[in-house]
Amino acid sequence: MGEKWTTANIPDQRGRVAVVTGANTGLGYETASALAERGASVVLAVRNVDKGKQAAARIRGDVTVQALDLTSLDSVRSAAAALRSRFDRIDLLINNAGVMYTPRQTTRDGFEMQFGTNHLGHFALTGLLLDLMLPVPGSRVVTVSSTGHRIRAAIHFDDLQWERSYSRAGAYGQSKLANLMFTYELQRRLSTHGTTVAMAAHPGMSNTELVRNTPAAFRLPLTLIAPLITQTPAMGALPTLRAAADPAALGGQYYGPGGFAEVKGHPRLVTSSPESYDVAVQQRLWAVSEDLTGVRFPIGQSVRSAVPA
């Protein structure tokens with residue numbers, strides 16, 4: 001593949017089923033649209049079904065909508081059950097949906113909103129759908145992280161839900177670090193199966209609705225400089241699409257924009273923070289996530305050497 005990987009590099013996706021969370025707008029919409037145009041049967045898994053239907057109407061191809069509210073484990077379970085009743089296989093699960101810099105609030109299950117939505121909701125959804133993927137050669141779980149995973153880069157096991165004190169940026173950073181740690185641990189656990197793999201991606205600085213919760217003091221400056229430092233959602237979706245569709249991509253890899261500081265540009269392999277590769281923390285996070293969600297994955301323990309640090 002050349003350095004400037006684009007949607008033109010996506011192989012034929014006919015016969016493949018792709019589930020994309022948060023696909024009614026922004027990065028998720030562009031990801032779903034590109035896969036559908038290449039022939040995949042795409043499910044837009046979205047909180048707002050009406051907006052999902054409007055998005056589906058704008059996409060050419062086989063596109064359907066599934067209600068999914070990642071802030072509710074009951075909704076995650078219902079969505080997984082509905083998908084299992086409709087499909088006997090899933091080729092691509094793209095954990096794209098997310099919230100960013102929200103004020104202090106909790107999910108319906110009492111989790112801090114960013115950790116609960118960005119990590120725990122996707123952790124549960126993946127676990128509930130994985131057995132539809134394991135028999136499928138070439139199936140992939142792609143989870144969207146962020147360069148924000150380097151902000152206060154730690155999993156705060158002593159206060160996962162930020163109950164003692166709250167930082168919008170710190171909580172977001174924890175949730176995005178959790179996305180990466182989940183991916184790397186999942187890949188180790190999948191390594192003995194030889195079919196499904198797990199990868200991660202980040203969009204750089206993309207002009208999407210995700211920043212709507214940015215504190216007011218930063219909103220105007222961001223608006224003024226956004227054209228200089230951001231890229232379109234279509235460009236921001238390319239790292240996710242490359243992880244999902246590039247035949248040369250391997251389990252455990254992480255894709256992001258290839259430009260300066262990974263802010264924008266065509267997708268390439270990138271490296272996450274040193275903290276993200278801590279196997280002991282990954283495994284502890286996995287155990288805690290199982291306890292919090294009540295979801296157990298249909299795969300065994302991890303193989304320590306599967307993902308290089």
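Treat the numbers as computed from the prediction; the structure is a model and nothing was measured.

Draft legend 1. View of the overall build of the protein. Broken down by element type, the protein carries nine helices and eight strands. Taken over 309 residues, the protein has a buried fraction of 56%. Across the protein, contacts joining residues at least 24 apart in sequence account for 73% of those joining residues at least 6 apart. Summed over its atoms, the accessible surface of the protein is roughly 12,800 Å², and 53% of this surface lies on carbon and sulfur atoms.

Draft legend 2. Focus on the packing of aromatic side chains. The final tally for this structure, using the stated rule, is nine aromatic pairs. Seen in terms of ring centroids, Tyr184 and Tyr277 are 5.0 Å apart; in terms of plane orientation they differ by 10°. Their pairing is stacked. Of this pair, Tyr184 sits in helix 5 (residues 168-190) while Tyr277 sits in the loop between strand 8 (267-269) and helix 9 (279-293), and the two are 93 residues apart along the sequence. Across this residue pair, the class does not change: Tyr184 and Tyr277 are buried. Here the aromatic residues Phe123, Phe182, Trp286 and Phe297 are joined through ring pairs into a cluster of three or more. The cationic tip of Arg284 hangs over the ring face of Phe157; the distance from NZ or CZ to the ring centre is 4.0 Å.

Draft legend 3. Looking closely at the environment of Ala81. As for its placement among the helices and strands, Ala81 is situated in helix 3 (residues 73-86). For Ala81, a relative accessible area of 43% corresponds to the partly exposed category. Sequence separation between Ala81 and Leu128 is 47 residues, and the spatial gap between their C-alpha atoms is 8.3 Å.

Draft legend 4. Examining helix 3 more closely. With 14 residues, helix 3 should reach 20 Å at 1.5 Å per residue; the first-to-last C-alpha distance of 20 Å fits that figure. For helix 3, the elements touching its buried residues are strand 1 (17-21), strand 2 (41-46), strand 3 (63-67), helix 4 (113-129) and helix 9.

Draft legend 5. How the structure looks around the packing of helix 5 against helix 9. One can describe the packing of helix 5 onto helix 9 by two numbers: an axis separation of 9 Å at closest approach and a directional angle of 95°. Here helix 5 lies roughly perpendicular to helix 9, going by the angle between them. The residues of helix 9 that touch helix 5, namely those facing Ala178, Met181, Phe182, Tyr184, Glu185, Leu186, Arg188 and Arg189, are Val279, Val281, Gln282, Gln283, Leu285 and Trp286.

Draft legend 6. The arrangement of the pairing of strand 4 (residues 92-95) in detail. Going residue by residue along strand 4, you find Leu92 and Ile94 tucked away on one face and Leu93 and Asn95 tucked away on the opposite face as well. The sheet contact formed by strand 1 and strand 4 spans three bridges and is parallel. In the strand pairing of strand 4, Val20 is matched with Ile94. Note: strand 4 against strand 5 (residues 140-144), four bridges, orientation parallel. Paired with Leu92 across the bridge in strand 5 is Arg140. Read as a crossover between parallel neighbours, the route from strand 4 over helix 4 to strand 5 is right-handed.

Draft legend 7. Representation of unusual backbone geometry within the structure. Even without a glycine there, the phi angle at Trp162 is positive, about 55°. In this fold, Trp162 is placed in the loop between strand 5 and helix 5. Judged by relative accessible area, Trp162 falls into the buried class, the value being 4%.

Draft legend 8. The arrangement of helix 9 in detail. Its 15 residues place the ends of helix 9 21 Å apart at the C-alpha level, agreeing with the 21 Å of an ideal helix rising 1.5 Å per residue. Within helix 9, the full set of buried residues consists of Val279, Gln282, Leu285, Trp286, Ser289, Glu290 and Thr293. Viewed end-on, helix 9 has its buried residues packed into an arc of 135°, placing them on one side of the element. Check the buried side of helix 9 and you find it contacts helix 3, helix 4 and helix 5. Put simply, Asp278 is the residue that caps the front of helix 9, since its side-chain oxygen is 3.1 Å from the backbone nitrogen of Ala280. Within two residues after helix 9, Gly294 carries a phi angle of roughly 75°, on the positive side.

Draft legend 9. Spotlight on the pattern of salt bridges. Inspection of the entire model under this criterion finds twelve salt bridges. Linking Glu185 and Arg189 is a salt bridge whose minimum nitrogen-to-oxygen distance equals 2.9 Å. Taken together, the positions of Glu185 and Arg189, both in helix 5 and four residues apart, correspond to about one turn of that helix. What you see here is one network of salt bridges that share partners, running through Arg16, Arg89 and Asp91.

The rules behind each value
- Residues numbered from 1 in each chain as written.
- Predicted model: local features only at pLDDT ≥ 70, side-chain atom pairs only at ≥ 80, totals over all residues.
- Heavy atoms only, no water.
- Helix = DSSP H or I, 4+ residues; strand = E, 2+ residues; numbered from the N terminus.
- Buried < 20%, exposed > 50% of the residue type's maximum accessible area, 1.4 Å probe, protein only.
- Contact = heavy atoms within 4.5 Å.
- Areas by Shrake-Rupley, 256 points an atom, 1.4 Å probe, with all protein chains shown as cover.
- Phe/Tyr/Trp six-rings, centres within 6.5 Å; stacked < 30°, edge-to-face > 60°.
- Lys NZ or Arg CZ within 6 Å of the ring centre and 35° of its normal.
- Expected span 1.5 Å × (residues − 1).
- Axes fitted to C-alpha atoms, helices over the stretch in contact; angles between N-to-C directions.
- Parallel < 35°, antiparallel > 145°, perpendicular 65-115°, else oblique.
- Pairing = 2+ DSSP bridges.
- Right-handed = clockwise from strand over helix to strand, strands pointing away.
- Arc of directions from axis to C-beta.
- Polar contact = N/O pair within 3.5 Å; in protein donor to acceptor, adjacent residues only side chain to side chain.
- Salt bridge = Lys/Arg side-chain N within 4 Å of Asp/Glu carboxyl O.

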